[in-house]
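# Structural characterization, general
Each chain, written out:
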Amino acid sequence: MQNSRNKPCSCPSLKLREVASMYFTMVAAFLVILVVALQGSVPRGSDFPYKVPLDPQGLLELSWNVSYPEQAVNFQLLIRDLRFGLLFGMSDRGEFENADLAVLWSDGHNSYFGDAWSDAKGQLHMDSQQDYQLLGARRAPEGLYLLFRRAFSTCDPKDYVIEDGTVHLIYGILEKPVHSLQAINVSALHGGLQRVQLLKPNISIPQLPRDMKTMEITAPDVVIPSQETTYWCYMAELPEGFPKHHIIMYEPVVTAGNEALVHHMEVFQCAAEFDSFPHYNGPCDSKMKPDRLNYCRHVLAAWAMGAQAFYYPEEAGLAFGGPGSSRYLRLEIHYHNPLVFKGRRDSSGIRLYYTATLRPFDAGIMELGLVYTPVMAIPPGEDNFILTGYCTDKCTQLALPAAGIRIFASQLHTHLAGRKVVTVLSRDGREQQVVNADRHYSPHFQEIRMLKEVVAVFPGDELITTCTYNTEDRSRATVGGFGILEEMCVNYVHYYPQTQLELCKSAVDPGYLHRYFNLVNRFNDEEICMCPQVSVPQQFYSIPWNTFNRDVLKSLYSFAPISMHCNKSSAVRFPFSDPKTDDFWKEMSAVNYPGKSQGNTCEWQWGQCCPQVPLHPQGPAINSLCSDFHSRALKTTTVETLHMPLISPKAGSGFRMYQQGRRCSRWAQG
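First, a word on scope: everything that follows refers to the structure included in this document. Nothing here was measured: the structure is a model prediction, and the numbers come from that model.

Definitions and limits used
- Residues numbered from 1 in each chain as written.
- Predicted model: local features only at pLDDT ≥ 70, side-chain atom pairs only at ≥ 80, totals over all residues.
- Heavy atoms only, no water.
- Helix = DSSP H or I, 4+ residues; strand = E, 2+ residues; numbered from the N terminus.
- Phe/Tyr/Trp six-rings, centres within 6.5 Å; stacked < 30°, edge-to-face > 60°.
- Buried < 20%, exposed > 50% of the residue type's maximum accessible area, 1.4 Å probe, protein only.
- Pairing = 2+ DSSP bridges.
- Axes fitted to C-alpha atoms, helices over the stretch in contact; angles between N-to-C directions.
- 1 Å grid on protein atoms, 1.4 Å probe; cavity = no way out; pocket = protein on both sides within 12 Å on 5 of 7 lines; lining within 4 Å.
- Points joined across faces, edges and corners; volume = space filled by probe spheres on them.
- Nonpolar A, V, L, I, M, F, W, Y, C, P; charged D, E, K, R; others polar.

### Some points on the environment of F148
Relative to the helices and strands, F148 is located in strand β10 (residues 143-151). Sequence separation of F148 and V73 is 75 residues, and the distance between their C-alpha atoms is 8.7 Å.

Take a look at the structure:
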């Protein structure tokens, strides 16, 4: 029914179980709720540490706790305005089709509760195995509390498997009485979805120091715009001469009544190389926003709806203040206002807890995954396209201390086409453990998540980040870059002790991408826009995406050598890394560098397809791909050169073979 439901599970035969439970289903599943406490173990309200509003009006509020010994989640659902029932459940991406549901409904006289599922057409069916266990229902002045529980995995093919990462919760409110479950019309329901991390890590709260202080970075009484989505930016400053401190904890500050509108928040520190930053308080996408605010990208804190306070390990803290640290901070708040409320005022933000008593280690943040470059692209119409970025053993061997580092938190990131993100630790060519995985990832729900266990990474280890994309709704290729319609594949890992290594990412070798363009051009009657001035994105956009062109691109990304970026916090690369000359930047699209693009419109001139000239990301304008180097590369490329799986590393050539993924990685010499 869903990918998450296909895990192997040791259970009795489904047919035997269905037969054995049929009578129970008919008699016991349709429980009459008299709105009194039912028999069973009913957890107290104080036992539910996690809470999130389900709907924008706050009429439905979900609280829950996690029992790892029992492998179950206990839910408490507050219904402030109960009418004739509701649907609550989980699905792969928040759809009402192929969903796993708990249903409360009324025929106008009695109320019933049952475990149900919906098929591909949205038709509801009572589940033969009742795995939503009703614990109780009670009235209170604020509404009806419904308490129930659900095991992580039930061995029922109709049930959703609750696992680590994002869970898409769905709800629907019944406005009229219904006489049977099958009479419920899902398409006519007033409903929606909410994304949460249900399986919170069971981490003990570290002891906080006595000299701990707090600082609130909050919006100054903002009037939330009357539109569905707004990103609001506000600049704040640390006091003059603020010395080095350690942030040891942070938590959200959400204005009462706006809990359903404040979707997520982040605090960024600005680049230290600028002496000052302009004040700003307004929409992040406004033309009035100063360009310099784009240099405020170092994450100090991030919160998303449903998340709790974030604690640093006792032995580490995130440094801010002091020499080499900017005084300027940028608060960014995502307001989600689907009902377009008007006149709502908000002073939400994040409360930082910090101490002048520095802990033994500074915490650091490292970027893993793919470089922001258009050489990594996804064809249109793909439902499951995979790209992988590498932090190689050579980089960690050179950049990490002998005792290694400890990863304790992670924030996964893609743009709109991202569907899954997984980072694994590999040692000696073998996968050791999963660092972080979200198989139901949503770009609309990104938070820093504490890991269930600290991951130790030593010199010589590899960190491999794989992203899965869906472009079924797109008509042209999606290239890598900073734009929202371009793509990223990143894992920001939080670790200690801090090292000079800030970015450990890769991309396919650009020379092999040119061979790909040349090959598909020959096989497609010279249809591809390939004169020397054409940018990489424009070449991707001109490809006719038949099966051959798709399969060869997948093969390229699976077998071609990679270009490794192993960067210090100063943006200087470690000595072995693959330094890029102007020839490299000439093939990059200007759309990857905000504020510097002159466009990429492809125009036919004098029998050639030539774009407007993009800009160099580090300086003056240059002609894209107009160099003797690239002219020679295009002239000498042959079909045979693209047979990557057949290429054998030569002794002393600077090539090495990855044992995992059969990837040949080239290290630039000199």
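### Describing the packing of aromatic side chains
Across all of its chains, the model carries 23 aromatic pairs by this definition. Relative to F152, the ring of Y68 has its centre 6.0 Å away and its plane inclined at 75°; by these criteria the two rings are edge-to-face. Pair noted here: Y68 is in the loop between β3 (60-67) and β4 (72-79) and F152 is in the loop between β10 and β11 (167-173), with a separation of 84 residues, a long-range link. Considering the side-chain rings of F310 and Y312, the 5.2 Å spacing of their centres and the 75° angle between planes classify their relative orientation as edge-to-face. Assigned by exposure class, F310 and Y312 land together as buried.

### Quick word on the sheet that holds strand β15 (residues 229-237)
Strand order in the open sheet formed by five strands is β18-β15-β22-β17-β19, and the pairing between neighbours is antiparallel. Looking at which strands have only one partner, the edges of the open sheet turn out to be β18 (281-283) and β19 (296-304). Across the sheet, the mean angle separating the axes of adjacent strands is 20° when strand polarity is ignored. Relative to β18, β15 runs antiparallel, the two being bridged by three bridges. Counterpart to Y234 in the pairing with β18 is N281.

### Structural notes on empty space enclosed by the protein
Gaps left between atoms show up when a probe the size of a water molecule is rolled over them. One pass over the full model with this rule turns up seven cavities of 30 Å³ or more. The computed volume of the largest cavity comes to approximately 70 Å³. Lining the largest cavity are 13 residues, and of these L370, M376, G480, E487 and M488 lie nearest its centre. Looking at the lining of the largest cavity, its residues break down into nine nonpolar, three polar and one charged. If you trace the second largest cavity, you find it lined by S410, Q411, L412, N436, D438, Y441, F445, Q446, E447 and R449. Contributions of two or more residues to the lining of the second largest cavity are made by β29 (405-413) and β31 (430-438). Of the residues forming the lining of the second largest cavity, the biggest block, three residues, is contributed by β29. Here the lining of the second largest cavity is composed, by residue class, of three nonpolar, four polar and three charged.

### Brief notes about the layout of surface pockets
When its volume is computed, the second largest pocket comes out at roughly 1,000 Å³. If you trace the second largest pocket, you find 41 residues lining it, with K51, W303, G306, A307 and Q308 closest to the centre. Partitioned by chemical class, the residues of the lining of the second largest pocket number 24 nonpolar, eight polar and nine charged.

### Concerning the sheet that holds strand β35 (residues 490-496)
Strands sit in the order β32-β29-β35-β26-β36-β37 across an open sheet of six strands; the sheet is mixed. Two strands bound the open sheet, and with one partner strand each, they are β32 (449-457) and β37 (562-568). Recorded for the sheet is a direction-independent mean angle of 25° between the axes of neighbouring strands. Bridge count between strand β36 (residues 501-508) and β37: seven bridges; the pairing is antiparallel. Of the residues in β37, the one forming a bridge with S506 is M564.

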